[in-house]
Amino acid sequence: RKASVVGARSTAGDASTAKPFAMPAASTWTPECLRRAVDEVRALSCMFGDGASPAEDPTAVSDPESLLELAESALDAAEAGAGWTPFENALHAVPALEVTIKLLGDRLRGGGVDVVVRMPPGYPAFRAAEIRAEGNARATLDDLDRLRRAAESAVAEVGEGEESALSGVEAVRRAVAELAES
């Protein structure tokens, strides 16, 4: 059984702080945003995937490949359609991208920690990454709240429109290490 606390922030803003172009519908990706999110999921997978981490800091990554294939297929269709409405609708079929980074070993109260990174449609240009930390059954709500606050703070520090997932993951890793030392 895992416990979790969610940390997230939206950077869409109101009319007075709007970007020069309008935010697409909340459930829609733009081609640029989706490409950037796919690239970031691939980078996180390379950084934290099996065999990528040192023995003293073991990590693993859930396999996001089928979701990435869907996203890339929709991007190909959108690019081939050059703005035709039926092809733009291909982007509507792509849900939020999600990847789980597993911090393995005795990290927090004798167990591992999962860091779930969710990139909603519009990320990173219009929305920030959502970071959720999940601990083992011995993790306390205070532990998870500290991880949530660390992720929220790190994501908030990243400039609007910039990729924020890695900052959130690294903040959770630091907070887990601090909790283990206390």
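Going by the structure above, here's the rest.
Reference entry: report on the structure contained in this document. (Residues numbered from 1 in each chain as written. Predicted model: local features only at pLDDT ≥ 70, side-chain atom pairs only at ≥ 80, totals over all residues. Heavy atoms only, no water.)

Let's shift gears to the pattern of salt bridges. Tallied over the entire structure, the rule returns 17 salt bridges. For Arg146, the salt bridge is made with Glu178, and the minimal N-O distance between the two is 2.9 Å. Placement of the pair is Arg146 in helix H4 (residues 141–157) and Glu178 in helix H5 (residues 165–181), with a sequence separation of 32 residues. On the basis of relative accessibility, which here comes to 29%, the residue Arg146 falls in the partly exposed class. A salt bridge links Glu170 to Arg173, with the nearest nitrogen and oxygen atoms 3.3 Å apart. With a gap of three residues between them, Glu170 and Arg173 both fall in helix H5, about one helical turn apart. Residue Arg173 is classed as buried on the basis of its relative accessible area of 17%. (Salt bridge = Lys/Arg side-chain N within 4 Å of Asp/Glu carboxyl O. Helix = DSSP H or I, 4+ residues; strand = E, 2+ residues; numbered from the N terminus. Buried < 20%, exposed > 50% of the residue type's maximum accessible area, 1.4 Å probe, protein only.)

With that settled, consider the packing of helix H1 (residues 31–48) against helix H2 (residues 65–81). The relative placement of two packed helices is expressed as an angle between their axes plus a distance between the axes. Between H1 and H2, whose axes approach to 10 Å, the crossing angle comes to 155°. When the interaxial angle is binned, H1 and H2 end up roughly antiparallel. In terms of crossing hand, the pair formed by H1 and H2 is left-handed. Across the interface between the two elements, Pro31, Leu34, Arg35, Val38, Val41 and Arg42 from H1 touch Glu65, Leu68, Ala71, Glu72 and Leu75 from H2. Here the contact of H1 with H2 is composed, by residue class, of seven nonpolar, no polar and four charged. (Axes fitted to C-alpha atoms, helices over the stretch in contact; angles between N-to-C directions. Parallel < 35°, antiparallel > 145°, perpendicular 65-115°, else oblique. Left-handed = near helix turned anticlockwise from the far one by under 90°. Contact = heavy atoms within 4.5 Å. Nonpolar A, V, L, I, M, F, W, Y, C, P; charged D, E, K, R; others polar.)

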